[in-house]
Amino acid sequence: MQTNFLSQQFNAGFLAENSTACPANATICDGTSCVLPEDNFNQTLSLVLSTVLTIMLALVMFSMGCNVELKNFLGHIKKPWGIFVGFICQFGIMPLTAFLLSLAFNILPVQAVVVLIMGCCPGGTASNVIAYWVDGDMDLSISMTTCSTLLAMGMMPLCLFIYTKMWTDSDAIVLPYDSIGLSLVALVIPVSFGIFVNHKWPSKAKIILKVGSIVGAVLIVLIAVVGGILYKGSWIISPKLWIIGTIFPAAGYSLGFVLARIAGLSWHRCRTVSLETGMQNTQLCSTIVQLSFTPEQLELMFTFPLIYSIFQLLFALLILGGYRLYRRHRVKTQTDVEKTEQKEDSKPNAKINEGFVSDEMK
């Protein structure tokens, strides 16, 4: 089934238009990109780093759980308006955006499918770390990530069935339910321990949270760098995918924020929903892609998940920087206003009581 995956669409004209020189040791060189053989060093590096990163990620999610109040977390579950808005963003806006971008740029069917897979993936755990740094609602962030990962087992097949009809048979896409289940376990267990620690020892939880938030920020950047090293052999892909990889996360952040605001959520929850919408589980997308396509098809979109990951991180850092500047300006402005009010209030009182007015109050 895979070998017959719309091979008629890959015409010679497209390949000639995008032809480029490939290294001599490339296993695939068909015009649009080159895939190099993975050497033993890369295999060992990948195994070691994936183990280390998994452990670090679990520790980071444990620290994020230390910022979650059990009462508030259960409140979001009992009254899931915020979770519902996030659900609409995650499995409504993102797949539709992927579909429209694929049509607008008129990309190849196999490329359109990988864009749609990215749009149908649940939220990633990196959003929890960024949500902390932008003073988001951590209870909502954790609950949204958990629910989207759980619901992905049913919503991903449904969304892919709806949107990939015009390009391929959805049965050709292999969904790794074991990977989704592992992602859910890796999220729920550390967060649960973190919630317990916060409930029992709140003072210690604050220390763990500060350390974990810094480690988490470093980890996000580290994952992007490691991805660049391990996928160095397939960077030459269609420029259209680079453009989509840039627009897609920006659209997710923007549309998620707008919809959350229309739904009447508070500003800090709007920021949370925005991050949960734009930041996808790119590792899950990579797994699905590698399981579903032949090497000949992989060359056309092999690194799109990594491209999306890089730009979702860059835009998240821009959001973080913008928010920090805004907060600093707002705090400074509020402090100046309070000083002015105190100054104005002190003058008439001193005059009425015939008291002394210092030079600072004049």
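Definitions and cut-offs
Every chain is numbered on its own, with residues counted from 1 as its sequence reads. Confidence filtering applies because this is a predicted model: local features only for residues at pLDDT of at least 70, side-chain atom pairs given and counted only at 80 or more, and all residues used for totals across whole chains, interfaces and linings. Hydrogen atoms and water are omitted, and side-chain values are computed over all heavy atoms in the structure. UniProt positions are given in the numbering used here, feature names are shortened, and annotations may be inferred rather than shown by experiment. Only residues above 30% relative accessible area that lack a salt bridge enter a patch, with like-charged residues linked at up to 9 Å and the nonpolar side chains Val, Leu, Ile, Met, Phe, Trp and Tyr linked at up to 5 Å. Using a 1.4 Å probe, the Shrake-Rupley method yields the accessible areas, and only the shown protein chains count as cover for residues. Whenever a carboxyl oxygen of Asp or Glu lies within 4 Å of a side-chain nitrogen of Lys or Arg, that contact is scored as a salt bridge. The helix and strand labels rest on DSSP assignments: H or I over at least four residues marks a helix, E over at least two residues marks a strand, and numbering proceeds from the N terminus. Residue burial is assigned from relative accessible area. The probe radius is 1.4 Å, only protein chains are included, and a residue is buried under 20% of its type maximum, exposed over 50%, and partly exposed in between. As used in this record, nonpolar core signifies buried Ala, Val, Leu, Ile, Met, Phe, Trp, Tyr and Cys residues forming a set joined through side-chain atoms within 4.5 Å. Any two residues whose heavy atoms approach within 4.5 Å at even a single point are treated as in contact. Orientation is described by axes fitted as lines to C-alpha atoms, over the contacting stretch for helices, and by angles from 0 to 180 degrees between their N-to-C directions. For any pair of crossing helices, the crossing counts as left-handed if the nearer helix is rotated counterclockwise from the farther one by less than a right angle, and right-handed if it is rotated clockwise.

As annotated in an unreviewed UniProt entry, the chain is Ileal sodium/bile acid cotransporter from Mohoua ochrocephala. The record held by UniProt for the chain lists under Subunit (unreviewed entry) the comment "Monomer and homodimer."

Peer 1: I'm lost on a nonpolar patch on the surface in this one. Help?
Peer 2: A cluster of nonpolar side chains, namely L96, L100, L103 and M166, defines an oily patch on the protein surface of about 370 Å² accessible area. Counting through the fold element by element, L96 comes out in helix α4 (residues 81-105). For L96, a relative accessible area of 39% corresponds to the partly exposed category.

Peer 1: Sorry if this is basic, but what is going on with the UniProt feature "transmembrane region" (unreviewed entry) in the chain here?
Peer 2: Annotation from UniProt places "transmembrane region" (unreviewed entry) at residues 45-63, 83-105, 112-134, 140-163, 175-195, 207-229, 241-263 and 306-326. Between the end C-alpha atoms of residues 306-326 the distance is 30 Å, and the span holds 100% helix and 0% strand.

Peer 1: Would you mind going over the nonpolar core with me for this structure?
Peer 2: One broad trend across soluble globular proteins is that nonpolar side chains are buried collectively. In terms of nonpolar packing, the biggest core is built from 39 residues, with V115, I117, M156, I173, F248, I288 and F304 touching the most fellow members. Counting residues per element, this core draws most heavily on helix α5 (residues 109-120), at nine residues. What F248 contacts, discounting residues up to four positions off in sequence, is M94, T97, A98, L101, V115, M118, G119 and Y308.

Peer 1: It is not clear to me how the packing of α4 against helix α10 (residues 239-262) should be interpreted in this structure. Could you clarify?
Peer 2: In contact at an axis separation of 10 Å, α4 and α10 are set at 145 degrees when each is read in the N-to-C sense. Relative to α10, α4 is oriented so that their crossing is right-handed. On α10, the residues that touch V85, I88, C89, I93, M94, T97, A98, L101 and F105 of α4 are K240, I243, I244, I247, F248, A251, G252, L255, G256, L259 and A260.

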